[in-house]
Amino acid sequence: MAQRPWGVRELVATGAGWLGGLALLHRCERLPTPAEYALLALAVVMLLLLRRRHWLLLAGAVAVLAFTQAALRAELRMKPELHPAWEGRDLVLSGRVDSLPIAITGQGGVPGWRFEFEVEAVGPTGAALPPEVPRRLMLLAYDGAQPITAGERWRFTARLKRAHGLANPGGFDAELWLFEQGLRASGVVRTAERLQTAPWWSLDAARQRLRTAIRERVADPGMAGVLAALSLGDQNAIGHRDWNLFRDTGVAHLLSVSGSHVVLLGWLAAVLIAPLWRRSAWLCLRVPAPIAARWVGVAVAFAYALFSGWGVPAQRTVVMLAAVAALRSIGLRWPWPLVLLAAAVIVTAVDPWALMQPGFWLSFGAVGLLMAAGGDHAEGWRARLKAALRTQLIATLGLAPLSLICFSQLSLVGLLANLVAIPLISFVVTPLALLGGLVTPLWALAAWLMQTLMAWLQLLIAWPAAVLWLPAAPLWSQGLALIGALLVVLRLPWRLRAAGLAMMLPLLWPVVPHPPAGEFELIAPDVGQGNAVVVRTQAHVLVFDSGPAYAPGSDAGERVLLPLLRSLGARRLDLLMLSHRDGDHVGGAAALMQALPVSELRSSLEAGHPLLSIGPPTQRCEAGQAWSWDGVRFEVLHPTPAHYEAGLKSNDLSCVLRITSATGRRVLLAGDLEAEQERQLVKREADLKADVLLVPHHGSKTSSSAELLAGVHPSTGVVQAGYRSRFGHPAPPVLARYQAAGIAVVASPSCGAWRWQSATHESSCERELSRRYWRDRVAAPIADDTGTGPDWDGE
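Definitions and limits used
- Residues numbered from 1 in each chain as written.
- Predicted model: local features only at pLDDT ≥ 70, side-chain atom pairs only at ≥ 80, totals over all residues.
- Heavy atoms only, no water.
- Helix = DSSP H or I, 4+ residues; strand = E, 2+ residues; numbered from the N terminus.
- Rg over C-alpha atoms; globule rule 2.2 N^0.38 Å.
- Buried < 20%, exposed > 50% of the residue type's maximum accessible area, 1.4 Å probe, protein only.
- Contact = heavy atoms within 4.5 Å.
- Areas by Shrake-Rupley, 256 points an atom, 1.4 Å probe, with all protein chains shown as cover.
- Salt bridge = Lys/Arg side-chain N within 4 Å of Asp/Glu carboxyl O.
- Phe/Tyr/Trp six-rings, centres within 6.5 Å; stacked < 30°, edge-to-face > 60°.
- Lys NZ or Arg CZ within 6 Å of the ring centre and 35° of its normal.
- Bend = angle between axes of the 7 residues up to and from the residue.
- Axes fitted to C-alpha atoms, helices over the stretch in contact; angles between N-to-C directions.
- Parallel < 35°, antiparallel > 145°, perpendicular 65-115°, else oblique.

J.: Before we move on, could you go through the overall build of the chain and cite the residues and values that matter?
T.: Counting secondary structure elements, the chain contains 27 helices and 25 strands. Taking 28 Å as the expected radius of gyration for a compact globule of 795 residues, we find that the chain reaches 29 Å, a close match to that expectation. Seen through its principal axes, the chain has C-alpha atoms that stretch 100 × 70 × 65 Å. Within the span of the chain, comprising 795 residues, buried residues form 52% of the whole. For the chain, contacts bridging at least 24 residues in sequence account for 70% of all contacts bridging at least 6. Total accessible area on the chain is roughly 35300 Å²; 63% of this is exposed by carbon and sulfur atoms.

J.: Quick one: what's the story with the pattern of salt bridges, residue by residue and with numbers?
T.: Two side chains with opposite charge may pair up if their charged atoms get near one another. Scanning all chains against the criterion turns up 36 salt bridges. Taking the shortest distance from any N to any O, the salt bridge between Arg 153 and Glu 120 comes out at 2.9 Å. Placement of Arg 153 in strand β5 (residues 153–162) and of Glu 120 in strand β3 (residues 111–122) is noted, with a sequence separation of 33 residues between them. Judged by its relative accessible area of 25%, Arg 153 is partly exposed.

J.: Pulling in residues and values, what's your account of the packing of aromatic side chains?
T.: Here the distance between the centres and the angle between the planes together describe a pair of aromatic rings. One pass over the structure, following the stated rule, counts twelve aromatic pairs. Of the aromatic side chains, those joined through ring pairs into one cluster are Phe 115, Phe 117, Trp 154 and Phe 156. Looking at Arg 602, its charged tip hangs above the ring of Trp 627, at a distance of 4.7 Å from the centre. Cation over ring: Arg 620 sits above Tyr 644, and NZ or CZ is 3.9 Å from the ring centre.

J.: Any chance you could break down unusual backbone geometry for me, citing the residues and the numbers?
T.: A cis geometry characterises the amide bond from His 638 onward to Pro 639, with omega recorded as 5°. Each neighbour pair has its own omega, and for His 729 with Pro 730 the value is -10°, a cis peptide bond. Within the secondary structure layout, Pro 730 lies in the loop between β22 (716–719) and α25 (732–740). The phi torsion at Ser 704 lies on the positive side, around 55°, for a residue other than glycine.

J.: Give a description of helix α15 (residues 414–435) that names residues and reports values.
T.: In an α-helix, one full turn covers 3.6 residues, which means residues spaced three or four apart are oriented alike. Approximately 45° is the largest bend angle found in α15, and it occurs at Ile 425. By the burial criterion, the buried members of α15 are Gly 414, Ala 417, Asn 418, Ala 421, Leu 424, Ile 425, Ser 426, Val 429, Thr 430, Leu 432 and Ala 433.

J.: Hey, could you go over the packing of helix α6 (residues 221–232) against helix α16 (residues 441–461) for me, with residue numbers and the actual values?
T.: Direction vectors running N to C along α6 and α16 enclose 105°, while the axes themselves pass 10 Å from each other. Taken as axis vectors, α6 and α16 run roughly perpendicular relative to one another. Of the residues in α16, those touching α6 at Met 223, Val 226 and Leu 227 are Trp 443, Ala 446, Ala 447, Met 450, Gln 451 and Met 454.

Below is the structure:
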């Protein structure tokens, strides 16, 4: 009886309780108050005192303990926070460059660097109370910035803003990523002074020297980036197009210092050290060879993970290897599910936020599937080849539901791609990339092999339906699919395996709600400084404007609109309407037209504009054009043919679209129309009344005339602008005008994506629907001309 609390049942319940406590915290909108912390501590004590009454009470105590300690650690990570009053003001910061600087290209093609900065001191500000600045920052240095090396100490004058990202359904959670990295503010460097070069023993400086050497000796910049990613963990060195290819063919997991690479290197070290250790009787008498090989493998894996940047996936793998080695070293022969559970508990004890990363679930899922499937020891090359194929098939089929849940996509050519990529990258290219630091010609060989692999991947991705994109499925179908995947890969009768396949089917056909006939849904996503609106009727999809281009290779089309459209189950666009030629309205159009079939492009773009030649049929938008979809009427109100002939500037040529439901609900989308053309529009149209107005020109002083507001008289005005926009959008006088007219204003920086249903007149903000404790809750300022950089989009 004394040993019963440590039985398998109790261990499983305790481990599950720990993970459950962390999962519960990560669903919370806020962290506990001091009084609630006291109650949590009391609950832990009471449950521990009563644990002998029932074994579940101990699991409950562990769950509450996990919740409480992670919440306290989150409190420490979030402090100090940058007060909004210090955003956009010049601050003198001294400290150390804490990461490999990443070469970036800003808007307009301006080159620069992005790097993490550890703050040691904040210079005088002249204020009575000095600012509290987070300990670690993400800084951007543009246009003629001096070369920056990791490990150096600098004094920067910078303008900061809080850790604020775009908030969209199905999109990348930049604020969560910044929180996990311990980065609580970002900013732009204005002046820089190097205080001290990196010491010779700096690991980061050595990594940067190796990256520079790779770039100098590998002629193809793309292949140099791949080798830097494999050897140094510098995933940002891989070009945008190459990343898309790796992602769509299902091999992206191999192109970073992931768990598989760390495990491989540790395994090779253990295999090499074991026979050498056995040659010494003196060593074997003190430490048995299996134990020595096991811990040497862990040490080598740790060293490699450290040199490659100590990224979260590498950290997680090293901790998992150390946990398994420790369990084996003390003689515990637990069943494999218990070993995995213990490793997961240890990993999340070190990093409580690993639970929110897809890599955590994919890593443990892959290992668990392979352990569950088992396999006999293979003799001979045919048997080994068959075992390798079976292993790859198990990993591909078993992880397919998890990939769909995490990324809403599944590469249908992934099996064929990984059959070549896994052995080539893991056993050949990665070792060559590492050994190239000693024998540089090996880098050229590794680059040639990668070019050959990429030619194979290009051939695969050209196949029809190579990638399957699906909207998010409900939780019940996700759980059912995961159980089904386990049944498929286990050594079970074929009837049970067939049942497993059937259980995975609901994940492939999720039900996506659509507006009823005669009604429509409007979504104004959070695209930063720009315009983009998605309109859905019962069976049609229209996109009005496509948002800005954030930098070369990064735009709102790919970063925001495509994930949003795919989460809605949209497989094509019936109409893409671009109001006018400005970059913050057409920046994502090319990405949309390349990724989705577009039936028609309608715009005010001038003849010869590059977007007109991409593919879909084009038509100039003109007042008087009208059509109906599923009982919903669409009308173009501006510009007229005379406006084109007059050669008006692009803002005044903005296409203006009115959408009317069967029940009379209306939306007016006005692009960047300015005051004079607004007045003319009011004179031409007898009835401009609408329920929702997309605020013209993002709330600029040049637009939203009193005449337009009186003519439209909406209940809601939607402003799409960047957080702390350098253009000062929306302008205070314009907001005062809306307030005086009794119009509620919704701004994307504080709301995120805004959704409105014509059938019910109900609306919602993404930031309200997905409130979490790490989210920025400070309302965006109404004006700012400081220019602290673009909204963080995860690039």
